[in-house]
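So you can see what is in the structure, the chains are spelled out below.
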Amino acid sequence: MSDSAPLRATATEPVAPAAQAPAPRVEAPAAGYGNRNRYTELEHQAVLANASIGIAFTRERKFSLCNPRFEEMLGWGPGELIGQPGEVI
């Protein structure tokens, strides 16, 4: 094969698109949360869904919001931690 010959490659299998992270599960917002605009809420959801670290929020010692990475790190299924007391972990 000479150095000037073009290289050719063919794909034998289609490449699957990257899996999208599921949206974080969100409990009904507290009374004070309604003052934030929808855009801010969407930004927070996007940050949580795409974070490479586990993030969780509690309210009154119960999980109110957590991202998929947090659930994965602790071995919980999607949405199983929401409403659970912090003592479960």
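As shown above, the structure is provided for reference.
Quick caveat: nothing in here was measured; it's all calculated off a predicted structure. (Residues numbered from 1 in each chain as written. Predicted model: local features only at pLDDT ≥ 70, side-chain atom pairs only at ≥ 80, totals over all residues. Heavy atoms only, no water.)

**Some points on unusual backbone geometry**
Okay, step 1: The backbone of Glu60 sits at a positive phi, close to 55 degrees, despite the residue not being glycine.
Okay, step 2: Here Glu60 shows up in the loop between β2 (56–59) and β3 (62–66).
Okay, step 3: Of the residues examined, Glu60 reaches a relative accessible area of 75% and is grouped as exposed.
Okay, step 4: Residue Arg61 is not a glycine yet carries a positive backbone phi of 65 degrees. (Helix = DSSP H or I, 4+ residues; strand = E, 2+ residues; numbered from the N terminus. Buried < 20%, exposed > 50% of the residue type's maximum accessible area, 1.4 Å probe, protein only.)

**Focus on the packing of aromatic side chains**
Okay, step 1: Going through the model one piece at a time under the given rule, you end up with 1 aromatic pair.
Okay, step 2: Seen from their ring centres, Phe63 and Phe70 are 5.8 Å apart, and the 50 degrees between their planes marks the pair as tilted.
Okay, step 3: Classification of Phe63 as buried rests on a relative accessible area of 4%. (Phe/Tyr/Trp six-rings, centres within 6.5 Å; stacked < 30°, edge-to-face > 60°.)

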